[in-house]
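Geometric and topological summary
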Amino acid sequence: MTEKSRGVIYDVGYRPYEGPYLGRLHALASLIWDDLKRGLGVKKGWKYRAIIILLLVIELGVFFFFLVVSQLGELFGEGIPQFLLNPYTAFYETSTFVLLFLSALVAPNLLCDDRRYRVYPLYLARPIYTYDYLLAKAGAIFGILTLVTVGPALLLFLGKTLLAPNALDYLGEHQREFWALLAAGLLINLFYASFAMGISSLTTSRGYAAGAIIGVIFFSDLVADLLAVRNSWAQLLSLNALPLRVKDWFFFGKLLSIETGQGFSLEPLSPWIYLFATLMVMALSWMVVWLSYRREVR
Amino acid sequence: MSVIEVERVTKRYGEVVAVSDVSFELGPGVTGLLGPNGAGKTTLLKMMAGLLGPTSGRVSLFGQSLRRVPQLYRRMGYCPESERLYEYMTGGEFLVFSAQLQLLSDPENEARKALELVNLVPERDKKIRAYSRGMRQRLKVAQSLLHDPEVLLLDEPLKGADPTQRRILIDLIRALGQRGKTIVVSSHVLYEVERMASQIILIHRGRLLAFGDFRAIRESMDDRPHRVSLRVSDPKRLAALLTEKALVRGVSLSGDEIVADVSEPDVFYGQLPSVALEAGVRLTQLVSLDEDLESVFRYLVQ
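This write-up is about the structure you can find in this document. These numbers were taken from a predicted model, which means no experiment stands behind them. (Residues numbered from 1 in each chain as written. Chains lettered and ligands numbered in written order. Predicted model: local features only at pLDDT ≥ 70, side-chain atom pairs only at ≥ 80, totals over all residues.)

Assigned secondary structure in chain B consists of 10 helices and 13 strands. Dimensions along the principal axes, computed over C-alpha positions, put chain B at roughly 75 × 45 × 35 Å. For chain B, long-range pairs separated by at least 24 residues make up 68% of all intrachain contacts whose partners lie at least 6 apart in sequence. (Helix = DSSP H or I, 4+ residues; strand = E, 2+ residues; numbered from the N terminus. Contact = placed C-beta atoms within 7 Å.)

This is the structure we're talking about:
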């Protein structure tokens, strides 16, 4: 290189950036959009996509089951359990299986790989905050859970409305149930998204994280069932049941007695205790996420 | 004010001390970060990039901490060592996404310019998982340059690149340095660092061994003989005279070549012409064997 050519950037095609900068929300939106695509498996292998589609199909099956059974129940009335006649409270109880497996699939996929392959510096060496990165992950997981579970729940409401003798009357009479269905779904999804993120932030292995998410929920249910023969407090150990109890009380205005499955029927605890326990699990999950990332990233 | 300040920085992982009490200040130009594997280069670069917090000490960019002011990343580009990128994206998508995270107003256009810069336009629509190591390196460098940062931290940017791409990247880094950017390049390929950087940071086992112009560092190593190669018409006669006048500590002969260990280079170079005249020999070549970076590195690390 001659003295004359030294320092001439355009020799190698370098052109400086001269445009304006956008706000942080644009970066957050890009992160969420990218994570939504990743979480839904848009660019992943067919196996991952097949599981997502299978879970969506199951959830649509739940929607279809409740729609048909509740309509048949209205036609034939007698002997049909009450929860089938008004399926909104039962919809999410049946959906927790799908929620659990979906959160165990999506959260590890979005969190573990970034740390395992050490690509998060590429995200974080940018003019954004660590919590933007984590918020985007949470937003994408929550968005996918909502799409797969709240979507069919709202379809159920729409179906019931359209099949009612007078759709407008039905809408007017069940307006409160519509909002309850929406809000309860969001709360339950927030619970599962937080819990799945908390577990996923503890390991770089997708398999371990997914196993732990499913395992902890099942194990907590099992322990609660074993201990709750005569003690209502032990039901608090069932992580799965906590947001469902809040849903029953807070959004649908009733708190059912607890059937232990061994011939006992326990009185439910104060609804505030269920709400407190639910919020505590979410807060604890977020604390775990924050502590896990605090050491490695700014 | 220095662009980058590293002040008494230590980084521990439990009992392991990755970086120990390192201090230096950097201004515009290219600085080579050197050290053997496991010396702490990547840890130090990550702390400079604000991606790792020091256990003690302070790292600042333009007088501010990157860990507290992420807006500073508009002024800094970071190229990590890891070869893994977002494998599910194409090269073009990766750069557009990076430009979006960098908050640039026209990500598509900036991505296209960056691809041109590193000669990756033909690979734009290919999935990153199908990229070779060299292509990944070029893509990583491209993403660090998207927003024209004033400071560039490049961790092993030449690893895996083919000779042509190495030359292009070296020319680019050197040109950016001459343009007034502050660039830190870590590498273990010494001759490449020598081509890019005049200043070095040499670390070993987490400790700072040397910092500054490597030629000046070499000159300051007075306790170690400088090795000089001479080709002369009568090597035995010149070697005898140099030894007699105590201008060398030792000599070895091979054909018409003398390799001399010189303890006082200034005196040696000053008196050599007259000694050659006195010996009646013709001096055809005089080469310093350890003025290069590799000699400095080898000596300091050993």
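Picking up after the structure, the text goes on.
Before going further, it helps to spend a moment on the interface of chain A and chain B. Contacts between the two partners involve 35 residues from chain A, matched on the other side by 37 residues from chain B. Going through the elements one at a time, helix H1 (24-40) and helix H5 (120-124) of chain A are the ones with two or more residues in the side of chain A that touches chain B. Looking at the side of chain A that touches chain B element by element, the count peaks at 5 residues for H1(A). For the side of chain A that touches chain B, the class distribution of residues is 20 nonpolar, 5 polar and 10 charged. (Nonpolar A, V, L, I, M, F, W, Y, C, P; charged D, E, K, R; others polar.)

Our next topic: the packing of helix H4 (residues 88-116) of chain A against helix H6 (residues 130-163) of chain A. Residue and element names in this part refer to chain A. As a packed pair, H4 and H6 sit with axes 10 Å apart at the nearest point and diverge in direction by 155°. Viewed along their axes, H4 and H6 adopt a mutual orientation that is roughly antiparallel. For the element pair H4 and H6, the recorded crossing hand is right-handed. Contact with H4, carried on its side by Phe91, Ser95, Val98, Leu99, Leu102, Ser103, Val106, Ala107, Leu110 and Leu111, involves Lys137, Ala140, Ile141, Ile144, Leu145, Val148, Thr149, Ala153 and Leu156 of H6 and no other residues of that element. Residues belonging to the contact of H4 with H6 are distributed by class as follows: 15 nonpolar, 3 polar and 1 charged. (Axes fitted to C-alpha atoms, helices over the stretch in contact; angles between N-to-C directions. Parallel < 35°, antiparallel > 145°, perpendicular 65-115°, else oblique. Left-handed = near helix turned anticlockwise from the far one by under 90°.)

What follows concerns the sheet that holds strand S11 (residues 250-254) of chain B. All names here are of chain B. The antiparallel open sheet is built from 4 strands, whose spatial order is S11-S12-S10-S13. The open sheet is flanked by S11 and strand S13 (283-288), the only strands paired with a single partner. This sheet shows a mean twist of 20° between the axes of neighbouring strands, independent of strand direction. Note that S11 and strand S12 (residues 257-262) share 5 bridges and pair antiparallel. When the sheet's bridge partners are listed, Ser252 is paired in S12 with Val259. With respect to the sheet, helix H8 (residues 235-244) is in contact with strand S10 (226-232), S11 and S12, its orientation differing from that of S11 by roughly 175°. (Pairing = 2+ DSSP bridges.)

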